[in-house]
Amino acid sequence: MTAESTAPVGVLALQGDFREHIAVLRGLGADAVPVRRPAELAEVAGLVIPGGESSVMDKLSRTFGMAEPLKQAIASGLPVYGTCAGLIMLADRVLDGIRGQESLGGLDVSVRRNAFGSQLDSFETDLRIPAVGDEPMHAVFIRAPIVESVGEKATPLAQLDDGRVVAVRQGNLIGTSFHPEITGDTRFHEYFLGLVRERAESAA
Ligand code: GLN
């Protein structure tokens, strides 16, 4: 892929670690731009929703008139990759949200926020993720959600040793409980860019 041949990809930049995602995507040769407004969303060929705090991201997206355009973009098939809080934003059902917390939805999953409790707020482990390659992926979890149930339309991509699901895909949507943007393993971002490229090719 060359940067010239594709429209920019966006990273939702309302809150959270969007700078890290932009850096990873640019490192892969993509033209990555921050997205804060509906007009910016309309220009991108794919979107990353970063980690951060989903309840804040939810409030900001509604306050700034981004929630509806984001839902429409998801419904129209835009490739979207959510990490951690971004996964929560993409989940159809959120457990242990704050009062009134909403999500954008799109992934037919139930996701529980802060699922590892206070004793195990953050941890690292190696995961087998055949969808992105044979080498195990080192995964960093930070106050991470867990995918508590996977509906018919979604497919698990990765599980912890105890079987709990930590990565899913449904069509052009991908979600991970963990943060590949901070480990230097770019395979999920490449996977996402692959979805962007496929969609551009099928539209051409
Ligand atoms: N606990 C955060 C939330 O509920 C997610 C943490 C993260 O994105 N690293 O949104």
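Here, residues in each chain are numbered from 1, in the same order as that chain's written sequence. In keeping with the predicted nature of the model, local features appear solely for residues at pLDDT of at least 70, side-chain atom pairs appear and are counted solely at 80 or more, and the whole-chain, interface and lining totals rest on all residues. Think of the side-chain values as coming from all heavy atoms in the structure, minus any hydrogens and water.

Digging into helix α4 (residues 67–75)
Thinking step 1. Burial classes: relative accessible area under 20% of the type maximum marks a residue as buried, over 50% as exposed, and values in between as partly exposed (1.4 Å probe, protein chains only). Where helices and strands are cited, they refer to DSSP runs of H or I of at least four residues and of E of at least two residues respectively, numbered from the N terminus. Residues of α4 that are buried: A67, L70, A73 and I74. Seen end-on, α4 carries its buried residues on one side only, within an arc spanning 125°. Of the exposed residues in α4, the ones pointing more than 90 degrees away from its buried face are Q72 and A75. This arc is built from the directions going out from the helix axis to the C-beta atoms.

Here's the deal with the pattern of salt bridges
Thinking step 1. By convention in these notes, a salt bridge is any Lys or Arg side-chain nitrogen within 4 Å of a carboxyl oxygen on Asp or Glu. Scanning the model with the defined rule gives 11 salt bridges in all.
Thinking step 2. Here D58 makes a salt bridge to R62, at a shortest N to O gap of 2.7 Å. You can see D58 and its partner R62 sitting in helix α3 (residues 54–63), 4 residues apart, about one turn around the helix.
Thinking step 3. Exposure remark for D58: the relative accessible area of 4% places this residue in the buried category.

Looking at the site of the ligand
Thinking step 1. Every residue close to the ligand is listed here: G51, G52, E53, S54, C84, A85, I88, R113, N114, I142, R143 and H179.
Thinking step 2. A distance of 2.9 Å separates an oxygen atom of the ligand from a polar atom in the backbone of G52.
Thinking step 3. By the criterion applied in these results, polar contacts are pairs of N or O atoms within 3.5 Å in which, for protein atoms, one can donate a hydrogen and the other can accept it, and in which residues neighboring in sequence qualify only through two side-chain atoms. N114 is positioned such that a nitrogen or oxygen atom in its side chain is 2.6 Å from a nitrogen atom of the ligand.
Thinking step 4. Protein burial of the ligand: of its 300 Å² of free accessible surface, 95% is covered by the chains.
Thinking step 5. Residue classes follow a fixed rule: Ala, Val, Leu, Ile, Met, Phe, Trp, Tyr, Cys and Pro count as nonpolar, while Asp, Glu, Lys and Arg count as charged, and any other residue, Gly among them, counts as polar. Among the residues forming the shell around the ligand, the class breakdown is 4 nonpolar, 5 polar and 3 charged. The nearness test applies per residue and asks whether one of its heavy atoms lies within 4 Å of the molecule or strand. Accessible areas in this description were obtained via Shrake-Rupley with a 1.4 Å probe; residue shielding takes into account the shown protein chains only.

Things to note about the pairing of strand β1 (residues 9–12)
Thinking step 1. Residues of β1 alternate between two faces, with V9 and V11 on one and G10 and L12 on the opposite face, all of them buried.
Thinking step 2. Between any two strands, at least two bridges found by DSSP are needed for them to pair. In this sheet, strand β2 (residues 32–35) lies alongside β1 in parallel orientation, the contact comprising 4 bridges. The residue of β2 that forms the bridge with V9 is A32.
Thinking step 3. We call a crossover right-handed when, viewed with both strands directed away from the observer, the connection leading from the first strand over the helix to the second proceeds clockwise. Taken together, β1, helix α1 (residues 18–27) and β2 constitute a β-α-β crossover, and its handedness is right-handed.

Describing α1
Thinking step 1. Along α1, the residues that are buried comprise F18, H21, I22, V24 and L25. Buried residues of α1, seen end-on, are gathered within an arc of 165° and therefore sit on one face of the element. Turned more than 90 degrees away from the buried face of α1, the exposed residues are R19 and G27.
Thinking step 2. Buried positions along α1 lie against β1, β2, β3 (47–49), β4 (80–83) and α6 (187–203).
Thinking step 3. Phi turns positive, to about 95°, at G29, one or two residues after α1. Whether two residues touch is decided by their heavy atoms; if any such pair falls within 4.5 Å, the residues are in contact.

What to know about the packing of aromatic side chains
What characterises a pair of aromatic rings is the spacing of the ring centres plus the angle enclosed by the ring planes.
Thinking step 1. The aromatic pairing rule takes the rings of Phe, Tyr and Trp, using the six-membered ring of Trp, and pairs them if the centres are within 6.5 Å, calling planes under 30 degrees apart stacked, those over 60 edge-to-face and the rest tilted. Tallied over the entire structure, the rule returns 8 aromatic pairs.
Thinking step 2. Between F188 and Y191 the ring centres are 6.2 Å apart and the planes differ by 75°, which places this aromatic pair in the edge-to-face class. With F188 and Y191 both in helix α6 and 3 residues apart, this pair spans about one turn of that helix.
Thinking step 3. Owing to a relative accessible area of 0%, F188 belongs among the buried residues under this scheme.
Thinking step 4. A relative accessible area of 17% places Y191 in the buried class.
Thinking step 5. Among the aromatic residues, those joined into a cluster by ring pairs are Y81, F116, F123, F141, F178, F188, Y191 and F192.

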